[in-house]
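Close look at the chain arrangement
The primary structure of each chain is shown beneath.
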Amino acid sequence: MSRSQDYLFKLVMVGEMAVGKTSLLVRYTDKIFDSNYKNTLGCDFKIKNVEVDNRQVTLQIWDTSGQERFQSIVSSFYRNADGLIIVFDVTCMESFHRVSKWLRDAEYYCGSKPIKERILIGNKTDKAELRVVDFKKAEKYAQSLGMSYIETSAKDNKNVTQAFDGLTKRMLDSYGCTGWMGDVDVGSVIKLDDNATDVSSYSGYCCSYF
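Here is a short report on the structure shown in this document.

Cut-offs and rules
Residues numbered from 1 in each chain as written. Predicted model: local features only at pLDDT ≥ 70, side-chain atom pairs only at ≥ 80, totals over all residues. Heavy atoms only, no water. Phe/Tyr/Trp six-rings, centres within 6.5 Å; stacked < 30°, edge-to-face > 60°. Helix = DSSP H or I, 4+ residues; strand = E, 2+ residues; numbered from the N terminus. Buried < 20%, exposed > 50% of the residue type's maximum accessible area, 1.4 Å probe, protein only. Lys NZ or Arg CZ within 6 Å of the ring centre and 35° of its normal. Core = buried A, V, L, I, M, F, W, Y, C linked by side-chain atoms within 4.5 Å. Contact = heavy atoms within 4.5 Å. Salt bridge = Lys/Arg side-chain N within 4 Å of Asp/Glu carboxyl O. Axes fitted to C-alpha atoms, helices over the stretch in contact; angles between N-to-C directions. Parallel < 35°, antiparallel > 145°, perpendicular 65-115°, else oblique. Nonpolar A, V, L, I, M, F, W, Y, C, P; charged D, E, K, R; others polar.

**Here we look at the packing of aromatic side chains**
Applying the stated criterion across every chain, the model contains 9 aromatic pairs. An angle of 10° between the planes, with centres 4.3 Å apart, marks the rings of Tyr28 and Phe164 as stacked. Pair noted here: Tyr28 is in helix 1 (residues 21-30) and Phe164 is in helix 6 (residues 160-175), with a separation of 136 residues, a long-range link. Phe164 sits in the buried class, given a relative accessible area of 1%. One aromatic cluster is present, built from ring pairs that chain together Phe88, Phe96, Phe135, Tyr141 and Tyr149. Over the aromatic face of Tyr28 sits the side chain of Lys48, whose NZ or CZ is 5.2 Å from the ring centroid. Across the ring face of Trp102, the terminal group of Lys101 is positioned such that the distance to the ring centre comes to 3.7 Å.

**Digging into the nonpolar core**
If you look at the biggest cluster of nonpolar residues, it comprises 26 residues, and the most contacted ones within it are Leu59 and Ile85. Tallying contributions element by element places helix 6 first for this core, with 7 residues. Excluding anything up to four places from it in sequence, Leu59 contacts Phe9, Leu11, Tyr28, Lys46, Ile47, Lys48, Val50, Thr168 and Met171. Listed in part, the 21 residues of the second largest apolar core include Ala81, Ile86, Val90 and Met147.

**Some words on the pattern of salt bridges**
Across all of its chains, the model carries 12 salt bridges by this definition. With a shortest N-O distance of 3.9 Å, Asp173 and Arg55 are connected by a salt bridge. Note that Asp173 is positioned in helix 6 and Arg55 in strand 3 (residues 55-64), a separation of 118 residues in sequence. Here the residues in one salt-bridge network are Asp53, Arg55, Lys169 and Asp173, joined through shared partners.

**With respect to helix 1**
Most of helix 1 is tucked away: 9 of the 10 residues are buried. When we look at burial in helix 1, the residues that qualify are Lys21, Thr22, Ser23, Leu24, Leu25, Val26, Arg27, Tyr28 and Thr29. After helix 1 finishes, the residue Lys31 shows a positive phi value of roughly 60°.

**Regarding unusual backbone geometry**
For Asn54, which is not glycine, the phi torsion reads 65° and is therefore positive. Turning to its location among the elements, Asn54 is positioned in the loop between strand 2 (43-52) and strand 3. The backbone of Lys124 shows a phi angle near 75°, a positive value even though the residue is not glycine. With respect to the helices and strands, Lys124 occurs in the loop between strand 5 (117-123) and helix 5 (135-144). Judged by its relative accessible area of 18%, Lys124 is buried.

**Some remarks on the packing of helix 1 against helix 6**
Where helix 1 meets helix 6, the closest approach of the two axes is 9 Å, and the angle between their N-to-C directions is 85°. Here helix 6 runs roughly perpendicular to helix 1, going by the angle between their axes. Judged by residue contacts, Leu24, Leu25, Arg27 and Tyr28 of helix 1 engage Val160, Thr161, Phe164 and Asp165 from helix 6. For the contact of helix 1 with helix 6, the residue count by class is 5 nonpolar, 1 polar and 2 charged.

Listed below in structure tokens is the structure:
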């Protein structure tokens, strides 16, 4: 496969504190689960190389803090994002009620360039006995927002890959057929050049970016 068929997408994960954003990200990128993650301070990110529909894709996935004191920082990371992931905890009704707040933030900070591909994730389905958000209710709400919906468990590794790969496929369908302008697409997809380094396991941390 030629390098001209490779794509780089920026994903932003948002949601309330302790809904499991970091657990989902690490389960997807590193295939591990740790129940003792500390709250993200500002933003963290990981990079994952995947193949979807015979196309090589590099995902730059930003894990943002759900704490209010970091919102001025988090707002910067919506810029030029190709995909938005909003996560809530199916055992916490308040985190579900706050989904609309995170979507409003994304729409506001993206300005004239909205994020076209978005997914709502209901996490922690392994805690079935504590569940308070009904699947049908969440699915119907996501549809009303123009978003797809999937439920996951980072602990049990349920639907984690399906969630990220499904969003990646939709981004490819939305952005992947537009024309290139040099190394940068007319959208926000970046074409990797022949000298691109292997970043399949790269991760970083940032609390004062931009």
